[in-house]
Amino acid sequence: MPEVTLLNAELHYSFFIHLSQSSVSGFHNMENNDNSVFVGDDILLYSLMSKYSTAGEYEISSDRLSEVQPFALVSAKGSIYLQEKTNETLHDLFDSGEFEKIYKKWFLTPIPPENVLLNVPLSTHLRNDIARVQHIRRRK
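Presented here is a report on the structure given in the accompanying data block. (Residues numbered from 1 in each chain as written. Predicted model: local features only at pLDDT ≥ 70, side-chain atom pairs only at ≥ 80, totals over all residues. Heavy atoms only, no water.)

## Structural notes on the packing of aromatic side chains
In this description, an aromatic ring pair is defined by two values, namely the gap between the centres and the angle between the planes. Threshold: Aromatic rings from Phe, Tyr and Trp, taking only the six-membered ring of Trp, are treated as a pair when their centres fall within 6.5 Å; an angle between ring planes under 30 degrees marks them as stacked, one over 60 as edge-to-face, and anything in between as tilted.
Within the structure shown, the criterion is met by three aromatic pairs. With 5.1 Å between their ring centres and 80° between their planes, F94 and F99 make a pair best called edge-to-face.

As structure tokens, this is what we get:
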């Protein structure tokens, strides 16, 4: 939330920042209490919009409050075999094109059982990261 606080001061906005117990309650507070915005991770926002609002009722701003935050996998310290197998599997998914198929299944097609459609295309940033990993592997 520090990004919102800094933006509030820098642009001389008058955001009232209210912390919520959960993402769902924060989204509902925005809907029901006439709050102007709800701040969250873009995938989370797409998910909430698809599940709790009418199509076209809300839109996600193209302005970003922070740089893209990478996700990571964690494993027990010293579990070299698991780390190697995880990396190998991810590399295989990238190289075979299977990663994009899995991504399309979960982010570009309706998700059963409620047929929730997030409609979030693979970002240029993630596409570039995958290409960078593939390039590094080819050079080895």
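So that's the structure; there's more coming.
## Section: unusual backbone geometry
The following threshold applies: Secondary structure elements are defined from DSSP: runs of H or I of at least 4 residues count as helices, runs of E of at least 2 residues count as strands, and each element is numbered from the N terminus.
In the segment running from P112 into P113, the intervening peptide bond is cis, with an omega of 5°. Checked against the element boundaries, P113 lands in the loop between α5 (98-107) and α6 (124-139). For N115, which is not glycine, the phi torsion reads 55° and is therefore positive.

## Remarks on the pattern of salt bridges
Condition: Salt bridges, as used here, are contacts in which a Lys or Arg side-chain nitrogen is within 4 Å of a carboxyl oxygen on Asp or Glu.
Tallied over the full model, the rule gives six salt bridges. E98 serves as the salt-bridge partner of K101, at 3.9 Å between the closest nitrogen and oxygen. Here K101 and its partner E98 are both found in helix α5, three residues apart, which amounts to about one turn of the helix. Residues D129 and R132 are paired through a salt bridge, measuring 3.6 Å at the closest nitrogen-oxygen approach. Of this pair, D129 and R132 are both found in helix α6, three residues apart, which corresponds to roughly one turn of the helix.

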